[in-house]
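Survey of secondary and tertiary structure
Each chain is listed here by its residues.
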Amino acid sequence: TLTNATGSVVNEFALKRNKTLDINVQNSILYVACGVFAILLLAVEEPSRLSGPTAFFQGFTGLTFFTLSLQAFAGLIVSRMLKYADSVTKTVACCLRGPTVVFISPYVLGVSNSWSGIISAVVVAAGCTIYLLCGPLAPPPQAPKDEDSRKSAAVA
């Protein structure tokens, strides 16, 4: 959780720091850096997996590539949300991932849902939707200074 939160804040800072840089270039830099670090970790943990394509992809299934595609798609969506929204909105929108999985898993994976899972998904989706429909958080209004407080500040 700490790593995820830190990564979200750093990613949002990087995306919003240079608004003129194309978001696709920023995503490319992020994904290349992540790929390099993943390969470095693999080289330290299991160097035999880097001996060739067969060793590297050993154990991969169609679901592995499906998951990889979904994660890449989610990353592209999240980066756009961070570029044009804030990390709170992104976190609320990411909470919709759970209900989405609950509702599409019977069709994609062929598993059945329990009533408790469906009710939980509906509650989470409703809460996220209500929050997102309220719009962005607004700063508290500044109280106008009255005439007496201005005079006492001028005297002091």
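Check the entry above for the structure.
Below you will find a few notes about this structure. Source: prediction; values computed, not measured.

1. Looking at the overall build of the protein chain
When you go through the protein chain residue by residue, the secondary structure sums to 8 helices and 0 strands. In the protein chain, the succession of α and β elements from N to C terminus is α-α-α-α-α-α-α-α. Within the protein chain, the proportion of its 156 residues that are buried is 12%. In the protein chain, the share of contacts with a sequence separation of at least 24, taken over all contacts with a separation of at least 6, comes to 54%. Carbon and sulfur atoms make up 70% of the accessible area of the protein chain, which amounts to about 11900 Å² in all.

2. Focus: the side chain of Ser105
Mapped onto the elements of the fold, Ser105 is located in helix 6 (residues 97–108). Residue classification places Ser105 among the buried positions, given a relative accessible area of 10%. In terms of polar contacts, Ser105 uses its side chain to reach the backbone carbonyl oxygen of Val102, at 3.3 Å. Those residues in contact with Ser105, other than ones at most four positions away along the chain, are Gly110, Val111 and Asn113.

3. With respect to the layout of surface pockets
Gaps between atoms show up when a probe of the same size as a water molecule is rolled over them. Of the volumes computed, that of the second largest pocket is approximately 620 Å³. Considering the residues around the second largest pocket, the lining is formed by 20 residues, among which Leu70, Ala74, Arg97, Thr100 and Val101 are closest to the centre. Those elements that provide at least two residues to the lining of the second largest pocket are helix 4 (62–84), helix 5 (87–94) and helix 6. Counting residues per element, the lining of the second largest pocket draws most heavily on helix 4, which supplies 10 residues. Tallied by class, residues from the lining of the second largest pocket come to 15 nonpolar, 4 polar and 1 charged.

4. A word on the packing of helix 6 against helix 7 (residues 115–133)
Interhelical geometry of helix 6 versus helix 7 gives an angle of 140 degrees and a closest axis separation of 8 Å. Classified by the angle between their axes, helix 6 and helix 7 sit oblique to one another. Taken as a pair, helix 6 and helix 7 cross one another with a handedness that is left-handed. When helix 6 is examined against helix 7, the residues Pro99, Val102 and Phe103 are found in contact with a partner set consisting of Gly117, Ile118, Ala121, Val122, Val124 and Ala125. Grouping the constituent residues of the contact of helix 6 with helix 7 by class yields 8 nonpolar, 1 polar and no charged.

How each quantity is defined
Residues numbered from 1 in each chain as written. Predicted model: local features only at pLDDT ≥ 70, side-chain atom pairs only at ≥ 80, totals over all residues. Heavy atoms only, no water. Helix = DSSP H or I, 4+ residues; strand = E, 2+ residues; numbered from the N terminus. Buried < 20%, exposed > 50% of the residue type's maximum accessible area, 1.4 Å probe, protein only. Contact = heavy atoms within 4.5 Å. Areas by Shrake-Rupley, 256 points an atom, 1.4 Å probe, with all protein chains shown as cover. Polar contact = N/O pair within 3.5 Å; in protein donor to acceptor, adjacent residues only side chain to side chain. 1 Å grid on protein atoms, 1.4 Å probe; cavity = no way out; pocket = protein on both sides within 12 Å on 5 of 7 lines; lining within 4 Å. Points joined across faces, edges and corners; volume = space filled by probe spheres on them. Nonpolar A, V, L, I, M, F, W, Y, C, P; charged D, E, K, R; others polar. Axes fitted to C-alpha atoms, helices over the stretch in contact; angles between N-to-C directions. Parallel < 35°, antiparallel > 145°, perpendicular 65-115°, else oblique. Left-handed = near helix turned anticlockwise from the far one by under 90°.

As far as function goes, none of this settles anything; it's purely spatial.
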